[in-house]
Amino acid sequence: MNDLPLARLAGVLLPFLLVALFGFGPLVEIWYPLGHVGINLNSQLHIVGVFPGGAAEAAGIKAGDRINPAQFWPRRRQYDPFVYYFPPAGARVELPIVRGSTHKTVTATTRESDLESVYRIGSAVSTIFQLVALGIAAWLVIARPSVMTWSFYLLLLGLNYQNGQNSAEFLSPLGYWWVVAGGMLCIAMQALWVFVLVFAIRIPNNHVARWMVVAQKAAIVVLCLELVLQLYPTVSWTFFGSLAPNLSAFTQVLLYLVCITAFVALIQNFVQSDGKDRHRMAWIIVGLGVWCAATLLVWAVHDNLPFYEGYTLTQVFVVVQSVAIILVVYGLMRSRVVDVSFVLSRAVVVSLLTGSVVLIFALLDWLFNKRLEATRLGALSEFIAAIVLGIWLDRLHKKADLFVDRLFFRARYLAERRLEKAAHAVVHSDSVDVIREFLVDEPYTILGLGSAAVFQPNEVGDWECMRSFGWDSGCATGLSKHDTLVMHVEAEQAPLRVSEIRWTVSDVPSGVAHPVLAVPVLARRRVLAIALYGEHTNGADLDGDEIRAIGGVADAAGAAFDHVEADQLRREMESLRRELGQRA
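Residues numbered from 1 in each chain as written. Predicted model: local features only at pLDDT ≥ 70, side-chain atom pairs only at ≥ 80, totals over all residues. Heavy atoms only, no water.

**Brief notes about the environment of Ile39**
Selection rule: Working definition: helices are DSSP H or I runs of at least four residues, strands are E runs of at least two. Numbering for both runs from the N terminus. Three labels apply to residues, based on accessible area from a 1.4 Å probe with only protein chains included: buried if under 20% of the type maximum, exposed if over 50%, partly exposed otherwise in between. The contact definition used throughout considers only heavy atoms, calling two residues in contact when any of these lie within 4.5 Å.
Structurally, Ile39 can be placed in strand β1 (residues 39-41). By relative accessible area, Ile39 is classed as buried at 12%. Put simply, Ile39 and Gly54 are 15 residues apart on the chain and 8.1 Å apart in space, counted from C-alpha to C-alpha. Not counting the four nearest positions on each side in its chain, Ile39 is found in contact with Ile47, Gly49, Val50, Phe51, Ala56, Ile61, Ile67 and Tyr79.

Here it is in structure tokens:
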């Protein structure tokens, strides 16, 4: 990652950090609760729902009432649900209410609503899982940048901002214009959901069919329309005090068209793929299909059911959307559609464990220091928790790491186990040909590599190719003893990435078959053979764990070669002794 362009790294990490900042905003309200009036408004300031036990209900406000925009706009910095600017709990808010032909000003004292508190906790928990998925997408872009990985990352950025302005409410203590800026940023980022179409078009091999080229360009047009449609109501109200017309129907049509087109593109890619690619796409089709259906249902339920029923079902479908995205991430990782092979499982486990520990300490601080600040139980409990977590964390990390590998990367986990068994088996071989098969055939087949070959020195010191896969008739059958790669391997005496040295040999396989790894086969610090391996057939590089597994086979093969050589020398010595005995 040292040669990673700074612009790409910043372009990936900065949006991720912004999403994390806004995503965990609801947690701020645990320590610094905001005040809520307890009403739900539509785009025309009609009150479509009143939360039970809230400030609005206590003040006599009812569903069906309307807020007078002409009188309300000058007071918007006191309380403004359009940009989710909320005062502290206990603040007095004046609302100009219109009920039928009656105009009156109602004063509501903001309070914490039980329903809102439950919703905030649920949002916080959901955000944690969404950020895990987004973190994986960010890693895919860093490790394997392509239109497909970028579109998946941008899609998840849009989904993490799915609540739009709500995410900016935690900026309320900073002031009104901070919330306006944060809310508009959230809305702009929310429009990125249209990249679901680009992602569906590019799965699984980042190729685009003819008609999909037009659809991909259309996604950019839809993105621009979404930005205008989403930002226009907020800009119109915040800066000019006028209510924008209800554009939700037009937005809904765009949503339907994008989701349906994305699913059609996904199905076409599935039908036109071969059996291997179909297997890799299975989980992704299920996940994106469920996500598209849940997204359409969210809009249908939100617009056509009474407030409380629609509110509840909307939350259910939002949860379904989150599960669907997890299925897509699961399919990407397990089926190696985008393979960064994996350091990632460890990174996810460490991140989850670290985040869990931080969350536990934060909750302890809130529970004991906030609720029992008159006692000394807070400090004592944190001290005990630190000791317990210190003992428990190491064991949990090892078990969780193994669990993640077996669940999400089962194929990779089984491949490493098979290579371990191959390393144990090759030691017992007394045939040079069988040892070469273990060095070439096993990694090539088990890991699905583009090529594999083993070279051994001849009488003059040059290196001959003794067995290979992926090296056609036009490729080199040997390497000079003065070859740069040979000299580096003999000097390093450890697995070497070919990209780390200057190697200008032209008659080697190209594409995924081009050698990316050179592994020496050693015995008593002598290089007995050099094994060359290409990358995975899906274009993914070999990761550290796979290199260690191949290195284990090479170490065992070195011991086996040494044993065969020693056994051959022993037989030759026995033969010489017999000849000398006969001559004597």
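**A few points about a nonpolar patch on the surface**
Cut-off, in case you're wondering: Like charges are joined within 9 Å and nonpolar side chains (Val, Leu, Ile, Met, Phe, Trp, Tyr) within 5 Å, but only among residues with over 30% relative accessible area and no salt bridge; these make up the patches. Residue burial considers only the protein chains on display, and all accessible areas are found by Shrake-Rupley using a 1.4 Å probe. For this document, the term salt bridge refers to a Lys or Arg side-chain nitrogen within 4 Å of an Asp or Glu carboxyl oxygen.
The grouping of Leu13, Leu14 and Leu17 at the surface amounts to a nonpolar patch, some 280 Å² of accessible area in total. Mapped onto the elements of the fold, Leu13 is located in helix α1 (residues 6-23).

**Concerning the sheet that holds strand β11 (residues 526-534)**
Strand pairs in the sheet, formed through backbone hydrogen bonds, run parallel or antiparallel to each other. Put simply, the test is: The criterion for strand pairing is that DSSP finds at least two bridges linking the strands in question. With axes taken as lines fitted to C-alpha atoms, and helix axes fitted only over the stretch in contact, angles between N-to-C directions fall between 0 and 180 degrees.
One open sheet holds the 6 strands; their spatial order is β8-β7-β6-β11-β10-β9, and the pairing between them is antiparallel. Looking along the sheet, the strands with just one partner apiece sit at the ends: β8 (478-479) and β9 (496-497). Where strand β6 (residues 452-457) and β11 come together, 4 bridges link them in antiparallel fashion. Pairing of Ala452 across the sheet is with Tyr533, part of β11. Packing of helix α16 (residues 432-446) onto the sheet brings it into contact with β6, β7 (463-469), β10 (515-523) and β11, and relative to β7 it is tilted by some 55 degrees.

**Some points on the nonpolar core**
The line we're drawing: To form a nonpolar core, buried Ala, Val, Leu, Ile, Met, Phe, Trp, Tyr and Cys residues must be joined to one another through side-chain atoms within 4.5 Å.
One finds Phe152, Phe199 and Trp291 to be the most contacted residues of the largest nonpolar core, which totals 57 residues. When residues of this core are traced back to their parent elements, those giving at least two are α1, α5 (114-143), α6 (147-160), α8 (195-202), α9 (210-240), α10 (248-272), α11 (275-304) and α12 (307-334). Considering each element in turn, this core owes the most residues, 9 residues, to α5. For Phe199, the residues in contact, after removing those within four places along its chain, are Met148, Ser151, Phe152, Ile284, Leu288, Val328 and Leu332.

**Quick word on the packing of aromatic side chains**
The test is simple: Each Phe, Tyr or Trp ring (for Trp, its six-membered ring) is paired with any other whose centre lies within 6.5 Å, and the angle between the two planes then decides the class: stacked below 30 degrees, edge-to-face above 60, tilted in between.
One pass over the full model with this rule turns up 11 aromatic pairs. Between Phe72 and Trp237 the ring centres are 6.0 Å apart and the planes differ by 25 degrees, which places this aromatic pair in the stacked class. Of this pair, Phe72 sits in helix α4 (residues 69-72) while Trp237 sits in helix α9, and the two are 165 residues apart along the sequence. A residue is classified by how much of its surface remains accessible, and Trp237, at 0% relative accessible area, is buried. Taken together, the ring pairs connect Phe72, Tyr79, Tyr84, Phe86 and Trp237 into an aromatic cluster.

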